[in-house]
Amino acid sequence: MERVFIFYVHELNYEKVDLNVPFSEKRAQIGLLARMITNAIFLSHALREQTTIRIFIQKKVPHIMQLKSETIRYLGPSERSFAAIGRKAERLFEEKLGENWFEANPGLLVRKTDNPLTDFEEAFSKPVTIATVRFASGNNLLIERDSPTKLSLQDFENKILALTERAQTIIFPIQLPDNPGLESILANNVQAMTNYQQEHLLLRKRLESAQLVAVINLILDKKSK
């Protein structure tokens, strides 16, 4: 089974100096994003199999960074590791502004698009489930139109494991705090996909974004054993 994470930020704009400023807002964002990536792709001293991360950046020109566990190189679990290759990718994108994928770092692809689901039909196995998650208190993640039952962590685990029984690919869209808008962007693009379903999950316990990624992967790792 393939697992896909879409991480959404309005901007990814920082310099090396921002990584040395303890209370820099830009450092806080890149640090959180780096932890989310680490929790998604790293498994002890190895990389999880069949794991794809897409970072969808809306401004100034909407674009995607994509990395896959099978192909990414020179990525370590530290904040500075992703910060370095992410900054390089952003600079190259500003030069190219390409409509087609180009490799900004071995295994890190970038392309211009306003659709975070670009090329999913060709790239991932079907059927596909898009699992959107929010918390009972607060709305820093996706807000669904329906009102599902509030789930305990055990109920959440059972729901995720049930999804693995009927989906070949599960997509988890997660937006960073104070970066709203991913729900509407997905809604405008998801209808073009075929053989997919959406699952709305409401967690009773509030988790920080990187914690949520870790919990999802711990659940999916049980299935893969």
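Analysis parameters
- Residues numbered from 1 in each chain as written.
- Predicted model: local features only at pLDDT ≥ 70, side-chain atom pairs only at ≥ 80, totals over all residues.
- Heavy atoms only, no water.
- Pairing = 2+ DSSP bridges.
- Helix = DSSP H or I, 4+ residues; strand = E, 2+ residues; numbered from the N terminus.
- Buried < 20%, exposed > 50% of the residue type's maximum accessible area, 1.4 Å probe, protein only.

A. Structural context of the pairing of strand β6 (residues 102–105). In terms of strand pairing, β6 meets strand β7 (residues 108–112) through 3 bridges, oriented antiparallel. Each residue of the ladder has a partner; that of E103, found in β7, is L109. Linkage of β6 to β7, two consecutive antiparallel strands, is achieved through a turn of 2 residues, within which G107 is found at a positive phi near 90°.

B. A look at unusual backbone geometry. Cis rather than trans, the peptide bond between K59 and K60 has omega equal to 0°. In this fold, K60 is placed in the loop between β4 (51–57) and β5 (63–68). Look at the link from K126 to P127: it is a cis peptide, with omega at 0°. Of note in the backbone geometry, Q50 takes a positive phi value of approximately 50° without being a glycine. Topologically, Q50 is positioned in the loop between β3 (46–47) and β4. In this structure Q50 comes out as partly exposed when scored by relative accessible area, which is 37%. One non-glycine residue, L97, adopts positive backbone phi at about 50°.

Note that all results are geometric; they support no functional claim without further evidence.
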